[in-house]
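One-letter residues, chain by chain:
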Amino acid sequence: MTQVDATQVGPAIAALDPAAPAHAAGTPEQPTAGQPYEYRRRPLVEPDWTRFPGWRQVTRDQWESAQWQRANCVKNVRQLRAVLGDTVDDDCYADLTADQTNLATMSMLVPPQMLNTMVPDAPVTTDAFRADPIRRYMLPLAGDRRTDWPSHPYASRDSLHEHDMWVAEGLTHRYPTKVLAELLATCPQYCGHCTRMDLVGNSTPTVDKLRLSLKPVDRYDAHVNYLRAHPGVRDVVVSGGDVANVPWRHLESYLMRLLEIETIRDIRLATKALAGLPQHWLQPDVVEGLERVARTAARRGVNLAIHTHVNHAQTLTPLVARAAQTALEVGVRDVRNQGVLMRGVNATATDLLDLCFALQGEAGILPYYFYMCDMIPNAEHWRVPVWHAQRLQHDLMGYLPGYATPRIVCDVPFVGKRWVHMVTEYDRERGISYWTKNYRTSIESADEAALDRRYAYYDPIDSLPDAGRAWWARHGTRAAR
């Protein structure tokens, strides 16, 4: 066997990669510069909700009650002021009011559980509240949003064209073997960046929302009938809105009907409430019902999973971990997280790694996806360019177990989820990336060119070089739809 001279390895690596360190191998006596990310275990903590003036008398029994949490959601600035008091100044409340009046695509709805994760371990001040990452997507301020390009010229209300691909009311058939079932149009909390802002939640002064018109029983019947008639569909994402807002007996009935369809092999329950309202998933009737569904799924060989939505490690608390563990204990196969990349929230390697270690190591939730924030109106201050997402994927590798290393994906209109390194062509100057696909959506069955076409995705314009911004200033006249 050929012997390798260790003293020559470093120079060889340097010849291949000039950026490689001079002592890349074989020199343990040399001092190291440390790792770009240093792991430190951080046990989960439930923040003290009594630090807020409005909750000083709230007991633990109240806090752990789903009914109390729902009844005390913050729905407007007046209710927020009743909780925070004068820890936040009038200018901040006015900034929030201006956003809700003029810019917000989602109405305000914040459960106490989520509000309590804002500024969790420092005195609540105006500056701390404004800078808080959870606040930035749950309670966006007018001052957060860009004034040069608040929306991309190609932004649209239904940016992924899910409504265009409905095969029944609320049933999107985009991928060949998978469907998205939107059972309802409400959630226990409304995130400012919601990709379904066209349908979900109350109308805002700037967005008149679409409405589901069928009675729930008729909508569910239409879903089940379609799935029975289309045996090529094997995977159903049950969502909304949020399944936590479906009365349990109705949700259990719907899931049991899905389990009767022999060709359905995967069912995924999508719920932000596992993190935003874990008290719901800890209610005895919900736990017992989930166990019945999980046992039926296991007996029939169907994979049942819960997908939740956590964007920052701050929102992970012992109650969230208990809800996730309870789901696993009663037979749910996996609890997985799908976060969204957002500037000012989590778009750094440190933030993402902190979150992934907390998910996987402390809460028993598998890091699964991070989506690039979709091209909805008034979202440019959150979105990151493709090159930034690619860099983040690079920087995550090697720290987490392979099975718990999340994929960063771009959900390209008319294409679907693509790993960020799968881009076919990329014009960095103008921020236009081009993507291809290997299947037809339900509205392209007769489109022979669908598999040969390139589909465009657009970086936020403020992230472009001067020449790119100038180009969009001349050509970016298309109004957001």
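Because the structure is predicted, anything quoted here is derived from the model rather than measured.

Observations regarding unusual backbone geometry
Trans peptide bonds make up the majority, and among non-glycine residues the majority have a negative phi. Here the residue pair Gly240 and Gly241 is connected by a cis peptide bond, since its omega of 20 degrees sits within 30 degrees of zero. Of note, Gly241 is situated in the loop between strand S4 (235-239) and helix H10 (248-259). At Phe414, a residue that is not glycine, the phi angle is positive and equals roughly 70 degrees. Residue classification places Phe414 among the partly exposed positions, given a relative accessible area of 26%.

Remarks on the sheet that holds strand S5 (residues 266-270)
Pairing in this open sheet of ten strands is mixed, and the strands run S1-S2-S3-S4-S5-S6-S7-S8-S9-S10 from one edge to the other. For this open sheet the edge positions go to strand S1 (166-168) and strand S10 (416-419), each flanked by a neighbour on one side alone. Adjacent strand axes in the sheet meet at a mean angle of 30 degrees, parallel and antiparallel pairs treated alike. Across five bridges, S5 lies against strand S6 (residues 303-308) in parallel orientation. Following the sheet pairing, Ala270 is matched in S6 by His307. Those strands touched by helix H9 (residues 216-229) are S1, strand S2 (171-175), strand S3 (178-182) and S4, and its axis lies near 170 degrees from that of S3. Contacts from H10 reach S3, S4 and S5 within the one sheet, and its direction differs from that of S4 by about 175 degrees.

Points about the sheet that holds strand S13 (residues 455-458)
Strand order in the open sheet made by the three strands is S11-S12-S13, with antiparallel pairing throughout. Looking at the sheet topology across the chains shown, the edges are occupied by strand S11 (425-427) and S13. Across the sheet, the mean angle separating the axes of adjacent strands is 20 degrees when strand polarity is ignored. Pairing geometry for strand S12 (residues 432-435) and S13, over four bridges, is antiparallel. Within the sheet, the bridge partner assigned to Ser433 lies in S13 and is Tyr457.

Here's the deal with the pattern of salt bridges
A full pass over the atoms with the stated rule returns 31 salt bridges. Note that Arg130 is salt-bridged to Asp95, the shortest N-O span being 3.1 Å. Of this pair, Arg130 sits in helix H7 (residues 126-131) while Asp95 sits in helix H5 (residues 90-102); the two residues are 35 residues apart in sequence, bridging distant segments of the chain. For Arg130, a relative accessible area of 28% translates into the label partly exposed. Overlapping salt bridges bring together Arg146, Asp148, Arg343 and Asp462 as one network.

Thoughts on the confidence of the model for the chain
Per-chain confidence: the chain averages 93 in pLDDT, with 93% of residues scoring 70 or above. Counting interchain partners and residues more than four positions distant, the pLDDT-below-50 stretch residues 1-28 has ten contacts.

Here we look at the pairing of S2
Counting buried residues along S2, five of its five residues qualify, which places the element largely inside the surrounding structure. Looking at chain direction, S1 and S2 are connected through two bridges and run antiparallel. The residue of S2 that forms the bridge with Trp166 is Thr172. Hairpin connection of S1 to S2: two residues between the antiparallel strands, including Gly170 at a positive phi of 85 degrees. Bridge count between S2 and S3: three bridges; the pairing is antiparallel. Counterpart to Leu171 in the pairing with S3 is Ala181. Connecting the antiparallel pair S2 and S3 is a turn made up of two residues.

How each quantity is defined
Residues numbered from 1 in each chain as written. Predicted model: local features only at pLDDT ≥ 70, side-chain atom pairs only at ≥ 80, totals over all residues. Heavy atoms only, no water. Helix = DSSP H or I, 4+ residues; strand = E, 2+ residues; numbered from the N terminus. Buried < 20%, exposed > 50% of the residue type's maximum accessible area, 1.4 Å probe, protein only. Pairing = 2+ DSSP bridges. Axes fitted to C-alpha atoms, helices over the stretch in contact; angles between N-to-C directions. Contact = heavy atoms within 4.5 Å. Salt bridge = Lys/Arg side-chain N within 4 Å of Asp/Glu carboxyl O. pLDDT = per-residue confidence, 0-100.

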